[in-house]
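Geometric and topological summary
Here's the letter readout for the chains.
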Amino acid sequence: MIGKPTQLASLTAAAALIAAVWIAPASSFAKSATAVAPAAGYPLDNIPRMVSKRGRVRCPKVKLVRYRGSTVRYSSRITVFKGFKQRLKRFERIVKQVATEVYGRAPYRIRHWGGYSCRRMGTRAYRDFISEHALGNAIDVYGFDFSWVSRRKAKRLNIGRRMRRPFRITVKKHWKATRGMGKVHARFLRVLFKRLAAKRNVFTVLLGPGYPGHSDHFHFDVAPWRLVSIDM
Ligand SMILES: [Zn+2]
């Protein structure tokens, strides 16, 4: 039995993202983490996530690679599980797509706080789980950098005067912005999050402002369960 998280398949609908949509009770979470079938065939699905609550956490060995980005570059090289790199490539394409719709161009850099990190889950109730970061199966994204556009190019791409300038978008500063360019950035972040959540082949877990500990970044991973939680 796959248990509760399969019901979350329906959560991809944008409407479901209006508020924090699901926080599993510890028991069902634990059950799901050990019992989920590898339906999508993701190579890390069968790796147990449960560890002892005490002592130094031991992380399973996974094939890690260093990755700099393809469609859009990352602010620094990121160490991730080999299979997660493919997900990041899809992520970058969606970033480019949404950014082009809003700003007429892709950001030149995605700002992140890293991928691989051998540690437990941050949430206290789940101390007996390793974080997906411990498998190199997660990324924390906190911002996007956009570069200057020449006047001629801006004219050709129909980019307005204010949009031509270089700017940085951060989750911390712009998620709740309501005025001027900040409002545009808020829309960009929201549309991006919704579009990613609607895709089944990019990330399974998407967290952001409103989920404990995530007021200033998005956390994306490919755990064998589904969890989408953000305050829209
Ligand atoms: Zn994270």
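Before any of the text, the structure's been laid out above.
Our subject in this report is the structure included herewith.

Quick word on the nonpolar core
Core analysis: the largest hydrophobic core is formed by 47 residues, its most contacted members being V95, F193, L196, L206 and F220. What V95 contacts, discounting residues up to four positions off in sequence, is V72, A106, P107, I110 and L192.

Digging into helix 7 (residues 180-198)
Side chains three or four residues apart in an α-helix point the same way, a direct result of the helix having 3.6 residues per turn. Taking 1.5 Å as the rise per residue, helix 7 with 19 residues should run 27 Å; its terminal C-alpha atoms sit 28 Å apart, in good agreement. Among all positions in helix 7, only H185, F188, L189, L192, F193, L196 and A197 are buried. The arc that holds the buried residues of helix 7, viewed along the axis, is 155 degrees, so those residues lie on one side. In helix 7, those exposed residues whose orientation departs by more than 90 degrees from the buried face are G180 and K183. Packing partners of the buried residues in helix 7 comprise helix 3 (82-103), strand 5 (167-170), helix 6 (171-174), strand 6 (205-207), strand 7 (218-221) and strand 8 (227-229).

Remarks on helix 3
The end-to-end C-alpha distance of helix 3, which contains 22 residues, comes to 31 Å, matching closely the 32 Å that a straight helix rising 1.5 Å per residue would cover. When helix 3 is considered as a whole, its buried residues turn out to be F84, R87, L88, F91, V95, V98, A99 and Y103. Relative to the axis of helix 3, the buried residues are bounded by an arc of 110 degrees and lie together on one face. Exposed positions of helix 3 whose direction lies more than 90 degrees from the buried face are T100 and E101. At the C-terminal side of helix 3, G104 shows a positive phi close to 75 degrees.

Overview of the packing of helix 3 against helix 7
Between helix 3 and helix 7, the least distance of the axes is 10 Å, while the angle of their chain directions is 140 degrees. Relative to helix 7, the element helix 3 is oriented oblique. Considering how the two elements wind past one another, helix 3 and helix 7 form a crossing that is right-handed. Listed contacts from helix 7 to F91, I94, V95, V98, A99 and V102 of helix 3 are V184, R187, F188, V191, L192, R195 and L196. Looking at the contact of helix 3 with helix 7, its residues break down into 11 nonpolar, no polar and 2 charged.

Quick notes on the rules
- Residues numbered from 1 in each chain as written.
- Predicted model: local features only at pLDDT ≥ 70, side-chain atom pairs only at ≥ 80, totals over all residues.
- Core = buried A, V, L, I, M, F, W, Y, C linked by C-beta atoms within 7 Å.
- Buried ≥ 20, exposed ≤ 12 C-beta atoms within 10 Å, placed from the backbone.
- Contact = placed C-beta atoms within 7 Å.
- Helix = DSSP H or I, 4+ residues; strand = E, 2+ residues; numbered from the N terminus.
- Expected span 1.5 Å × (residues − 1).
- Arc of directions from axis to C-beta.
- Axes fitted to C-alpha atoms, helices over the stretch in contact; angles between N-to-C directions.
- Parallel < 35°, antiparallel > 145°, perpendicular 65-115°, else oblique.
- Left-handed = near helix turned anticlockwise from the far one by under 90°.
- Nonpolar A, V, L, I, M, F, W, Y, C, P; charged D, E, K, R; others polar.

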